[in-house]
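Take a look at the letters that make up each chain.
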Amino acid sequence: MNLTQREALLVLQDGAVFKGLALGKIGTAGGEICFNTGMTGYQEIYTDPSYYGQVIVNTTSHIGNYGVQLHSEEESDGVKIMGMVCNYFSPIHSRHTADSSLQEYFEKANIVGIHGVDTRELVRHIRDKGVMNCIISSEILDPEALLLELNNVPDMEGLELSSTVSTRNTYEVGSEDARFRVAVLDLGIKKSILTNLANRGVYCSVFPAKTSFAELAAWNPDGFFISNGPGDPAAMPYAVETVKQALDTDKPLFGICLGHQILSLASGISTYKMHNGHRGLNHPVKNLITGRCEVTSQNHGFAVRADELQDHGKVEVTHLNLNDKTIEGIRRKDKPAFSVQYHPEASPGPHDSHYLFDEFIKLIKQA
Ligand SMILES: NC(=O)CC[C@H](N)C(=O)O
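Computed from a predicted model, the values in this text were never measured in an experiment. (Residues numbered from 1 in each chain as written. Predicted model: local features only at pLDDT ≥ 70, side-chain atom pairs only at ≥ 80, totals over all residues. Heavy atoms only, no water.)

**So, helix α10 (residues 355–366)**
Argument step 1. For α10, with 12 residues, the first-to-last C-alpha span of 16 Å sits near the 16 Å given by 1.5 Å per residue.
Argument step 2. If you check which residues of α10 are buried, you get L356, F357, F360, I361 and I364. Within α10, the buried residues cover an arc of 145 degrees as seen down the axis, which keeps them to one side. Turned more than 90 degrees off the buried face of α10, the exposed positions are K362, K365 and Q366. (Helix = DSSP H or I, 4+ residues; strand = E, 2+ residues; numbered from the N terminus. Expected span 1.5 Å × (residues − 1). Buried < 20%, exposed > 50% of the residue type's maximum accessible area, 1.4 Å probe, protein only. Arc of directions from axis to C-beta.)

**A look at the domain arrangement of the protein**
By a widely used convention, the size of an interface equals the accessible area lost when the partners come together.
Argument step 1. Partitioning the protein into domains gives domain 1 (7–150) and domain 2 (162–366).
Argument step 2. For domain 1 and domain 2, the distance between their C-alpha centres works out to 28 Å.
Argument step 3. The interface of domain 1 with domain 2 comprises 27 residues on the first partner and 21 residues on the second.
Argument step 4. The tally of links from domain 1 across to domain 2 stands at one salt bridge.
Argument step 5. Across the pair E32 and K273 runs a salt bridge, and its minimum N-O distance is 2.7 Å.
Argument step 6. One can count 13 residue pairs in polar contact (both at pLDDT 80 or more) joining domain 1 with domain 2.
Argument step 7. Elements supplying a minimum of two residues to the side of domain 1 that touches domain 2: β3 (28–36), α1 (42–46) and α3 (119–129).
Argument step 8. For the side of domain 1 that touches domain 2, the class distribution of residues is nine nonpolar, nine polar and nine charged. (Domains from an automatic or database assignment. Contact = heavy atoms within 4.5 Å. Salt bridge = Lys/Arg side-chain N within 4 Å of Asp/Glu carboxyl O. Polar contact = N/O pair within 3.5 Å; in protein donor to acceptor, adjacent residues only side chain to side chain. Nonpolar A, V, L, I, M, F, W, Y, C, P; charged D, E, K, R; others polar.)

Here you go:
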């Protein structure tokens, strides 16, 4: 497949302009600009619903070179990012199991991208200035006009997005004869989380984001799972309320990423927007209980406040990020509930943290 040599532009909210070439669909797209440093797993990243509303910069030097696999490497029912920026975009792919090229995949999903951008320069710029919105276009090549368009891109702070990407209808995953039943609150769940639960003998019922606690409880679960997802956790009082009520049952509860932030909010700890998020596959995290270091997969732009966790009567910190000491995991002292900010399902990423799923099962068995 040949790429066009059509020009494209990336314009940041602060007026910085980067020139490149078009990829994917010809068009215009805006969102919050985020960089992911992972060297593999681009398809899992593009289909992770937590990236909804965001334009992804892949800092790895080659993108597209292994094509895409239609179902096995998708983390949801399709591409969820708003747009993509990279340095070298490969028009050809070589992997005998690939179903198509990334170019074709993006065209079908209506995703606009730009390649040939010096991603090192771009990331240094965002790293220093902090996270901001951006717009990419292969149809409007006037920076001033794009800056005006950028005003229509909503600010991520205060934005509720889970109800847009969550399932419309409740569905089940796993075998009905499984040993345990877990009610999953889908705030934008990745498929591999459900696979990890089902592989451990869990029958999951996956509920839409705005399902009331009464509906979850009526299914008579043995435990609750609160998923990852896009947007600002502080804009989701409905999910915080559901988690508060789930905690009152004293049944085991496990949260990942957005789910971790919601458990924190439900426990009286606030969240904040980070200067830049953590997105990549090699973030070192210290498990404070075992003293071990885990190499983790991460994708978040908000975090929970460390100062509010000091001497907190009901919550203790279980995991710390070794790069910047941000909170990576908590557990309730008074309830069988815990959560992590990073992604133990490791898709894409290292498998160091799979044990957390086992710990959830152990809590359910004990209960
Ligand atoms: N992966 C996630 O669940 C992301 C959570 C949240 N939207 C954040 O950016 O921090």
